[in-house]
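One-letter residues, chain by chain:
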Amino acid sequence: MKITKIFCIAAIALSPVLAQFTGTGVTALSIAPDARSAGLADANATFSGTLSSIFGNPAGLSSMKGMQIAGQYTMHIEGMHYGNVSWGMPLPFGAIGVNVIGFTYGDIPNYVEGVLSGSLMPFDVVANIGYAVPLSFAPILSNLSAGIVARVMMESLGPTYQGFGFAGDVGILWRGIVGAFVNNEWLNGIDLGVVARNLGVGPAFDGGKAVTLPMTIAIGLGYTLPLRDNAGQFASFRIPIDVLPISEIGFDMRYGVEFSYERLPLGMKISARAGAGLPYAGDILGTLRFGAGFEILGIAIQYAFVNKADLGADHAIGLSYRFDTVPLEAPKAVDTKPVDTKPLDTKPADKAGVKPLDTKPVDAKPVTTPVKPVTTTPVKPADTKPATTTPAKTGK
């Protein structure tokens, strides 16, 4: 069984992904967590407002407008598979996000004392919970936020070898940092994010040395340029750049560009993106990624192609839903109906007795007008009773 353990650990430690990118264990922590991040070469330290912030920078959770759910699947190289599900929502003060990741390494031959004995399927399971809070204790800091993620992970090398680890992320994000000091349309879209990831202890097996986690510090700069005309904003460009200091090579840089077009019916939005990183072997083509996205009525579908050079490519697809778009659309449809039925709104007013009271005097006027002719009858001229006075006095 010791041979089995050694082989499994070696298979994971020497997997091409780890050898090329991190040199560490718990591969689930080194794969792009969502298709949008994958298409932008994981330059996600300035992401905000979506569940992607659980992985990119937890401080970005603070700008969520409503409850969200999301799922992600990645067909990884060499028969490995990655997936995660997320949920999050804003709170009276701050926001929360929860996520669970699963990753399988595929079938690995199991040798017992040098004899092939079936196969194993090592896997990782990671659970994350994040919380973010705005730091708006001064007007100039209205878009500054901070966040933290607590992480529990399990790595299984077979039925009898499991290890557990604990880690966390902490980050800050200042959206519109230049706009806080200078009110310029061209500079208001600059964001700054700093995040430390995977600070903790990796899984250990049978009391041995803990697996090394992919600990990184990312400094991100994001720039969003809105495109407007007389009718308002119709599209936008976003350029994210992340710099990660790495002792072995000095630093790593990840960058991308995203174009989104928004002036479509039913709140539709289409996006195209591309990203790359500093080449490890002098070949920038080996780091290229491409992606696309489509959104309608709060439902978003994202796809990314991640080039792994000679190792092949990853295909990532994500599906998410934002509940905050529903109350924005529904009231509009309801509000238009009373506008069309305004004539119906006057009928209850008649029943309320407003107009009937006004009409009663109108009905009374015709009643009083016929009375006036009665009082003005020529009977009074008949009161010329001089005939009774003169004849009485002349009758000697």
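Along each chain, residue indices are assigned from 1 in the same order as the chain's sequence is written. Local features are withheld for residues below a pLDDT of 70 in this predicted model, meaning they are given only at 70 or higher, and side-chain atom pairs are given and counted only at 80 or more; totals for whole chains, interfaces and linings count all residues. Only hydrogens and water are set aside when side-chain values are computed; all heavy atoms of the structure are taken into account.

Caption draft 1: Fine view of the overall build of the chain. Helix and strand definitions follow DSSP, with helices as H or I runs of at least four residues and strands as E runs of at least two, each counted in order from the N terminus. Tallying secondary structure elements over the chain gives 7 helices and 16 strands in all. For the chain, with 396 residues in total, the buried portion stands at 38%. By the convention used here, residues are in contact when the closest approach between their heavy atoms is within 4.5 Å. For the chain, the share of sequence-separated contacts (at least 6 apart) that also reach a separation of at least 24 residues comes to 52%. Here the chain has roughly 21,200 Å² of accessible surface; of this, 69% comes from carbon and sulfur atoms. Each residue is assigned to one of three classes by its accessible area relative to the maximum for its type, calculated with a 1.4 Å probe on protein chains only: buried under 20%, partly exposed between the two thresholds, exposed over 50%. Using a 1.4 Å probe, accessible areas were evaluated by the Shrake-Rupley method; residue-level cover was limited to the displayed protein chains.

Caption draft 2: Just the nonpolar core, in detail. Remark: nonpolar core denotes a set of buried residues (Ala, Val, Leu, Ile, Met, Phe, Trp, Tyr, Cys) joined through side-chain atoms within 4.5 Å. Ranked by internal contacts, the top residues of the largest apolar core, which has 25 residues, are V26, F103, V126 and M153. Of all the secondary-structure elements, those providing two or more residues to this core are β3 (94–104), β6 (123–134), β7 (144–158) and β8 (161–174). The greatest single-element share of this core, amounting to 3 residues, is contributed by β3. Counting 6 residues, the second-largest nonpolar core is a separate cluster that includes A32, A35, V306 and A316.

Caption draft 3: A nonpolar patch on the surface, seen in detail. Residues enter patches when their relative accessible area tops 30% and they take part in no salt bridge; the joining distance is 9 Å for like charges and 5 Å for the nonpolar side chains Val, Leu, Ile, Met, Phe, Trp and Tyr. A pairing counts as a salt bridge when a side-chain nitrogen of Lys or Arg comes within 4 Å of a carboxyl oxygen of Asp or Glu. Taken together, I172, L192, V194, I217, I219, L221, F237, I239, I241, V257 and F259 make up a surface patch of nonpolar side chains, about 820 Å² in accessible area. Secondary-structure elements contributing two or more residues to the nonpolar patch are β9 (190–201), β10 (216–229), β11 (232–246) and β12 (250–261). A relative accessible area of 44% means that I217 is categorised as partly exposed.

Caption draft 4: Quick look at the pairing of strand β1 (residues 68–75). By the convention used here, strands pair only if DSSP detects at least 2 bridges between them. Looking at chain direction, β1 and strand β16 (residues 313–322) are connected through 8 bridges and run antiparallel. Bridging across to β16, Q72 finds its partner in G318. Here β1 folds back onto strand β2 (residues 81–91), and the loop between the two strands holds 5 residues, one of which, E78, carries a positive phi near 55°.

Caption draft 5: Spatial organisation of the side chain of T74. Note that T74 resides in strand β1. Setting aside residues no more than four positions away along its own chain, T74 makes contact with A32, M80, H81, Y82, D314, H315 and A316.

Caption draft 6: Expanded view of the environment of Y261. Its place among the elements puts Y261 in strand β12. Linking Y261 and F237, residues 24 residues apart in sequence, is a C-alpha distance of 9.1 Å. Those residues in contact with Y261, other than ones at most four positions away along the chain, are F234, A235, M268, K269 and I270.

Caption draft 7: Layout of the pairing of strand β14 (residues 289–296). Sheet topology note: the strand β13 (residues 269–277)/β14 ladder contains 7 bridges and is antiparallel. Pairing of S271 across the sheet is with G293, part of β14. Summarising the sheet, β14 and strand β15 (residues 299–307) pair through 8 bridges and their orientation is antiparallel. Bridge pairing in β15 places E295 opposite A300.

Caption draft 8: Focus on the packing of aromatic side chains. Here the aromatic set is Phe, Tyr and Trp, taking the six-membered ring for Trp, and pairing holds for ring centres within 6.5 Å; pairs whose planes are under 30 degrees apart are stacked, those over 60 apart are edge-to-face, and all others are tilted. Tallying each qualifying case throughout the model produces 5 aromatic pairs. A ring pair is formed by W174 and F181, whose centres lie 6.0 Å apart and whose planes are at 55°; its orientation type is tilted. Classification of F181 by relative accessible area gives exposed; the value is 55%. Sitting over a ring, as applied to charges here, requires NZ of Lys or CZ of Arg to be within 6 Å of the ring centre and within 35 degrees of the ring normal. Between R36 and the ring centre of F47, over which it is positioned, the NZ or CZ distance is 4.2 Å.

Caption draft 9: Fine view of unusual backbone geometry. Of note in the backbone geometry, N198 takes a positive phi value of approximately 55° without being a glycine. Position of N198 relative to the elements: it lies in strand β9. On the basis of relative accessibility, which here comes to 6%, the residue N198 falls in the buried class. Positive phi is not limited to glycine here, since L297 has a value of about 50°.

Caption draft 10: Seen up close, the pattern of salt bridges. Scanning the entire structure with this criterion turns up 8 salt bridges. A salt bridge links D169 to R151, with the nearest nitrogen and oxygen atoms 2.9 Å apart. Of this pair, D169 sits in strand β8 while R151 sits in strand β7, and the two are 18 residues apart along the sequence. Exposure class is identical for D169 and R151. Each is buried. With a closest N to O distance of 3.9 Å, D314 and K308 form a salt bridge. Sharing partners across several salt bridges, the network here consists of R36, E258 and R273.

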